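Notes for the structure review
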Amino acid sequence: MAVNILAFGPNGSGKGTQGAIVKDKYGSAHIESGAIFREHIKGGTELGKKAKEFIERGDLVPDEITIPMVLETLAKYKEQGWLLDGFPRSKAQAEALDAALKEAGMKLDYVLEIELDREIAKERIMGRRLCANDNNHPNHIAFDAIKPVEKDGKLVCRVCGGELSARADDQDESAIGKRHDIYYDTETGTMAAVNYFKAAGGSKVISVDGSVAIKEVTDAIVKQLD
Ligand code: AMP
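The paragraphs below set out a description of the structure included in this document. None of these values were measured; they are calculated from a predicted model.

**What to know about the packing of helix α5 (residues 91-104) against helix α8 (residues 190-200)**
Contact geometry for α5 and α8: axes closest at 7 Å, N-to-C directions at 35°. Contacts from K91, A94, E95, L97 and D98 in α5 reach A192, A193, Y196 and F197 in α8. Taken together, the residues that form the contact of α5 with α8 break down as 6 nonpolar, no polar and 3 charged.

As C-alpha cells, then:
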C-alpha cells in the first residue's frame, strides 16, 4: 500500500539522508522540491529560468510556480506513495497541500520532523557536497561517516566515485540565513507548516533530535515507523 510522508527539518539537519532511508522502507518516491528546481535549471527549462534568481538568493520561489509543480509530481506517484521533502515550506503551502490531498483522496501517513539548532544547521550546510550521479549519495566534509574520498587529488563521491560539487546557495551565508529565517518562522514559515500538520491529526508524528550521529537519528526514526 502507498505510504505518504512529509519530511521536515532545517537545511543541514540531515533530512535528505534520513528521508532516503525512510522512503526505501516503504518503496515510496523521494520528491524534493529543491531538487526538481535544480533539474529544471540544469535543463534550461522556462520554469528553471524563472526559479533561478530566487533560489540563488535563498528566497522562496513564488507559490504560483512551486505549488502546481509539486502537486503535479505528487499526483504521478499516487499509487507508489511518496516522501515529500522541502515542501510545504510555509503555512500557505501547507494549506494548499492539505486541500489538494483531500481532493485527490490521498492520506498522509507520517509527519517526520528533525529538530536542530540553527547554528549547528548552518555549520553543516557549508560542508555538504552534491554527487553528480545521485542526489541520494550523502557526502559531507565534516562527518567521518559520509566523508568524500580522495581520487587523483580530488574529492569524489564516497558511494560511487562521482564528481562532487557544492551548491552555490550552500556557500553563501546570507542565502543560508534567509533559508533559516523561513524555516524557523512559526507564524507563516516552515515551522508554521509543521505545526499545521501536527495539529491536523490523522498522521503519525515522529519528532527526533537531529544533533546526534546520523545512525542514531536513523535508529530513533526507524523504531517509530510501523
Ligand atoms: P532545498 O534544496 O530544499 O534547500 O531548496 C533549494 C531552494 O529551492 C530553496 O532555497 C528555494 O529557493 C527553492 N525551493 C525549494 N522548495 C521550495 C518551496 N516549497 N517553496 C518555495 N521555494 C522552494
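This is not the end of the story, as more comes after the structure.
**A short note on the packing of helix α4 (residues 63-76) against α5**
At their nearest, the axes of α4 and α5 sit 11 Å apart, and the two run at 35° to each other. The crossing of α4 and α5 is right-handed. Listed contacts from α5 to D63, T66, I67, L71 and L74 of α4 are A92, Q93, A96, L97, A100 and L101. Taken together, the residues of the contact of α4 with α5 sort by class into 8 nonpolar, 2 polar and 1 charged.

**What to know about the packing of aromatic side chains**
Given two aromatic rings, one states the distance between the centres and the angle between the planes to describe the pair. Counted according to the given criterion, the structure contains 3 aromatic pairs. Relative to Y110, the ring of Y26 has its centre 5.9 Å away and its plane inclined at 25°; by these criteria the two rings are stacked. With Y26 in helix α1 (residues 15-26) and Y110 in strand β4 (residues 110-115), this residue pair connects regions lying 84 residues apart in the sequence. Given the relative accessible area of 18%, Y26 is considered buried. Consider the rings of Y183 and Y184, whose centres lie 5.3 Å apart with planes at 80°: the pair is edge-to-face. Overall, the relative accessible area of 6% leaves Y183 in the buried class. The exposure class assigned to Y184 is partly exposed, which follows from its relative accessible area of 25%.

Scoring rules and cut-offs
- Residues numbered from 1 in each chain as written.
- Predicted model: local features only at pLDDT ≥ 70, side-chain atom pairs only at ≥ 80, totals over all residues.
- Heavy atoms only, no water.
- Axes fitted to C-alpha atoms, helices over the stretch in contact; angles between N-to-C directions.
- Helix = DSSP H or I, 4+ residues; strand = E, 2+ residues; numbered from the N terminus.
- Contact = heavy atoms within 4.5 Å.
- Nonpolar A, V, L, I, M, F, W, Y, C, P; charged D, E, K, R; others polar.
- Left-handed = near helix turned anticlockwise from the far one by under 90°.
- Phe/Tyr/Trp six-rings, centres within 6.5 Å; stacked < 30°, edge-to-face > 60°.
- Buried < 20%, exposed > 50% of the residue type's maximum accessible area, 1.4 Å probe, protein only.

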